[in-house]
Amino acid sequence: MALSSFFRSSRAVFSAAVLLRAVLLVYGIFQDAFSPMKYTDIDYFVFTDAARFISQGQSPYARDTYRYTPLLAWFIYPTTWSGYWFSFGKVLFAIGDIVAGWMMFRILRSYQRMDQERALKFSSIWLLNPMVATISTRGSSEGLLGVFITALLWAVLARRIQLGGMLLGFAVHFKIYPFIYATSIVWWLDDTNIERSKSGQSAKQKAPASLFDKAINFINVERVTLALYSLGTFAGLNIAMYIIYGLPFLEHSYFYHLTRIDHRHNFSPYNTLLYLNSSPSPSSNPSSTLELERLAFLPQLALSALLIPLSLAKRSLPSAMLAQTFAFVTFNKVCTSQYFLWYMMFLPFYLPTSTLLREKGVGVAALVLWVAGQAVWLQQGFQLEFLGRSTFVPGLWAASIRFFVVNVGILGIIIRDVRRGV
């Protein structure tokens, strides 16, 4: 009864979400001060160091391993003011979490026609999720990304196409992977779904009589507007950053990701190969290294940027974006815990009518296997990184394969649900 009354109040839910992050922020300060295992993510030190270089009139790329847009360093510029401001970025990322959760709540209310209690329950999958709160309060910028992506989804569903285009361009500049959503959004923006978004009811699609008619019908005002505003925003930001920071901006923000070989905390099946190729033997042929990793993008992009959006977007845009993101992360050659937030932000829109929720056995099994897959990998990773034991083969490699298989299975359930209109 108490739990039911809790979810009837948006103030209670959002207050609990704020309190959760506040507690974690304070706890993190104490853990950093008194524990040899630090709470603050190493990436946060990279961000703050880059901001410090900017405050000294230098490039953020003077900080080794800074591989992000300079805008991120500018966003947390106050961390350079004094030691008291060191956690400003964490607070900003945590606020981003809350704002993203509020936008999820509004989308569920306005476009999935949920009552307030039900909408608060499903938005709490993000708002009250300890994993989401922990990652942001440790200093990961995924909370800000959540704001941009949920705002993009809202703008498209609300037919604010100009705003949606700008948000898409900005999101791709901020973090490359959201470009995959362009296919889904463009495919969704036909007259049938436009009418559906206005009325909230299904509409029958009328197939064009010929290939020429299909081509003409495909080019509509909304699609052209989205393309112009997204490309304009993306190009404008990149030109500005290039003028200010030159080639290092392009190299570290974009080109680096084509050849990255990160292997620490990487759940991907490519993890062991990346580790071996990070320190090639003197006798190895440099031109042959990373050859397999260079091909990793083929199945990844074929699924996430082409096949999934073309198959699912017209059935449900939010669920199609979930499936795209899940496939992108699962098949990526680098897969860390932060990346899981990329698809978690879409779960509130998919789960209400999903097999994972309707069939409790399937949902519980999927969750247990997903968590257990990470736990087994982390146990092997702990032995490697903290105890110095070589667990690469078969331990770490086998754990990566098991986790990959679990994720492929869950992806299959999501795709099947969306295709069936569940």
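Throughout this description, residue numbers start from 1 for each chain and increase along the sequence as written. Side-chain atom pairs in this predicted model are given and counted only at pLDDT of 80 or more, local residue features only at pLDDT of at least 70, and totals for whole chains, interfaces and linings cover all residues. Calculated side-chain values reflect all of the structure's heavy atoms, with hydrogen atoms and water omitted.

Draft legend 1. Inspection of the overall build of the protein chain at higher detail. Strands are runs of DSSP state E lasting at least 2 residues, helices are runs of H or I lasting at least 4, and numbering of each runs from the N terminus. The secondary structure content of the protein chain amounts to 23 helices and zero strands. Any two residues having at least one pair of non-hydrogen atoms within 4.5 Å are treated as being in contact. When contacts within the protein chain are restricted to residue pairs at least 6 apart in sequence, those whose partners lie at least 24 apart make up 71%. By element, 66% of the accessible surface of the protein chain is carried by carbon and sulfur atoms, the whole surface being about 20,300 Å². Per-residue accessibility takes into account occlusion by the displayed protein chains alone, with areas from the Shrake-Rupley method and a 1.4 Å probe.

Draft legend 2. Region of the structure containing helix H3 (residues 42-55). Residue count minus one, scaled by 1.5 Å, sets the expected span of a helix. Between its terminal C-alpha atoms H3 stretches 20 Å, which fits the 20 Å expected from 14 residues at 1.5 Å a residue. Burial status follows relative accessibility: with a 1.4 Å probe on protein chains alone, a residue under 20% of its type maximum counts as buried, one over 50% as exposed, and anything between as partly exposed. Those residues of H3 that fall on the buried side of the exposure criterion are Tyr-44, Val-46, Phe-47, Thr-48, Asp-49, Ala-50, Ala-51, Phe-53 and Ile-54. Elements in contact with the buried residues of H3: helix H4 (70-75), helix H5 (88-111) and helix H13 (221-245). Under the rule applied, a polar contact is a pair of N or O atoms within 3.5 Å (in protein, one hydrogen donor and one hydrogen acceptor; residues adjacent in sequence only if both atoms are side-chain atoms). By the N-cap criterion, in which a side-chain oxygen at the helix start approaches the backbone nitrogen of a residue two or three places on, H3 is capped by Asp-41, the distance to Asp-43 being 2.8 Å. In the segment just after H3, Gly-57 is the residue with positive phi, at about 80°.

Draft legend 3. Spotlight on unusual backbone geometry. Unusually for a residue other than glycine, Arg-113 sits at a positive phi of about 55°. Residue Arg-113 is classed as partly exposed on the basis of its relative accessible area of 49%. In the Ramachandran plot, Arg-159 falls in the positive-phi region, its phi being about 60° despite a non-glycine side chain. Relative to the assigned elements, Arg-159 resides in the loop between helix H8 (142-157) and helix H9 (161-174).

Draft legend 4. Representation of helix H17 (residues 297-312). The end-to-end C-alpha separation of H17 is 21 Å, in line with the 22 Å expected for 16 residues at 1.5 Å each. Note on bend: at a given residue it equals the angle between the axes fitted to the 7 residues ending there and to the 7 starting there. Along H17, the sharpest change in direction is near 40° and occurs at Leu-303. Residues of H17 that are buried include every one of Gln-300, Ser-304, Ala-305, Ile-308, Pro-309 and Leu-312, and no others. The secondary structure elements touched by the buried residues of H17 are helix H10 (181-188), helix H18 (317-330) and helix H23 (392-420).

Draft legend 5. Molecular detail of the environment of Leu-276. Take Leu-276: it is sitting in helix H15 (residues 271-278). Taking relative accessible area as the criterion, Leu-276 reaches 52% and is therefore assigned exposed. C-alpha separation for the pair Leu-276 and Phe-392, spaced 116 residues apart in sequence, amounts to 9.8 Å.

Draft legend 6. Quick look at the UniProt feature "transmembrane region" (unreviewed entry) in the protein chain. UniProt positions are given in the numbering used here, feature names are shortened, and annotations may be inferred rather than shown by experiment. Mapped onto the present numbering, the UniProt feature "transmembrane region" (unreviewed entry) falls at residues 12-30, 84-107, 143-161, 168-189, 226-250, 325-350, 362-380 and 392-415. Helix makes up 100% of residues 12-30 and strand 0%, with an end-to-end C-alpha separation of 27 Å. Strand forms 0% of residues 143-161 and helix 84%; the C-alpha atoms that close the span are 23 Å apart.

Draft legend 7. Region of interest: the packing of H10 against H18. Lines fitted to C-alpha atoms define the axes here, with helix axes fitted over just the stretch in contact, and angles between the N-to-C directions of these axes take values from 0 to 180 degrees. In contact at an axis separation of 10 Å, H10 and H18 are set at 155° when each is read in the N-to-C sense. Considering their axes alone, H10 and H18 lie roughly antiparallel with respect to each other. Crossing of H10 over H18 shows right-handed handedness. Where H10 abuts H18, its residues Tyr-181, Ser-184, Ile-185 and Trp-188 lie against Leu-317, Ala-320, Met-321, Gln-324 and Thr-325. Gly is placed with the polar residues, together with every amino acid not listed as nonpolar (Ala, Val, Leu, Ile, Met, Phe, Trp, Tyr, Cys and Pro) or charged (Asp, Glu, Lys and Arg). The class makeup of the residues in the contact of H10 with H18 is six nonpolar, three polar and no charged. Angles are sorted into four bins: roughly parallel if under 35 degrees, roughly antiparallel if over 145, roughly perpendicular if 65 to 115, and oblique for all others. In this scheme the handedness of a crossing depends on how the near helix is turned from the far one: anticlockwise by less than a right angle means left-handed, clockwise means right-handed.

Draft legend 8. Expanded view of the side chain of Ser-141. Relative to the helices and strands, Ser-141 resides in the loop between helix H7 (130-137) and H8. Note on Ser-141: relative accessible area 2%, which makes it buried. In this structure Ser-141 touches Phe-47, Leu-72, Phe-93, Phe-174 and Lys-175, once residues within four positions along its chain are discounted.

Draft legend 9. Highlighting the packing of H5 against helix H6 (residues 116-127). Interaxial distance between H5 and H6 falls to 9 Å at its minimum, and their mutual angle equals 145°. The crossing of H5 and H6 is right-handed. Contacts from Asp-97, Ile-98, Ala-100, Gly-101, Met-104, Phe-105, Leu-108 and Arg-109 in H5 reach Gln-116, Ala-119, Leu-120, Phe-122, Ser-123, Trp-126 and Leu-127 in H6.

Draft legend 10. The arrangement of a nonpolar patch on the surface in detail. Patch membership requires more than 30% relative accessible area and the absence of a salt bridge. Residues of like charge join within 9 Å; the nonpolar side chains Val, Leu, Ile, Met, Phe, Trp and Tyr join within 5 Å. In what follows, salt bridge is the name for a side-chain nitrogen of Lys or Arg lying within 4 Å of a carboxyl oxygen of Asp or Glu. A cluster of nonpolar residues, Leu-163, Met-166, Phe-218, Ile-219, Val-224, Leu-228 and Tyr-229, forms a patch on the protein surface that exposes about 620 Å² of accessible area. Every element with two or more residues in the nonpolar patch is listed here: H9 and H13. If you tally residues by element for the nonpolar patch, the top one is H13, at three residues. Following the sequence through the fold, Met-166 ends up in helix H9.

Draft legend 11. Inspection of the pattern of salt bridges at higher detail. Overall, the coordinates contain 10 salt bridges when judged by the stated rule. Where Glu-117 meets Lys-121, a salt bridge forms, and the shortest distance between an N and an O atom there is 3.5 Å. Pair noted here: Glu-117 and Lys-121 are both in helix H6, with a separation of four residues, about one helical turn. Using a relative accessible area of 39% as the deciding quantity, one classes Lys-121 as partly exposed.

Draft legend 12. Structural view of the packing of aromatic side chains. For Phe, Tyr and Trp, rings pair up if their centres lie within 6.5 Å, where Trp contributes its six-membered ring, and each pair is then called stacked (planes under 30 degrees apart), edge-to-face (over 60) or tilted (otherwise). In the structure shown here, the tally under the stated rule is 36 aromatic pairs. Measuring from ring centre to ring centre gives 5.6 Å for Tyr-61 and Tyr-66, while their planes differ by 55°; the resulting arrangement is tilted. Comparing Tyr-61 with Tyr-66 shows no difference in burial state: the two are buried. Each residue in the set Tyr-44, Phe-45, Phe-47, Tyr-61, Tyr-66, Tyr-68, Phe-86, Phe-93 and Tyr-245 is aromatic and connected to the rest through ring pairs, giving one cluster.

Draft legend 13. Just the environment of Arg-109, in detail. You can see Arg-109 is positioned in helix H5. Classification of Arg-109 as partly exposed rests on a relative accessible area of 31%. Expressed as a C-alpha distance, the spacing of Arg-109 and Leu-120, which sit 11 residues apart in the sequence, is 9.1 Å. The contact partners of Arg-109, leaving out residues within four places of it in the chain, are Met-114, Asp-115, Gln-116 and Ala-119.

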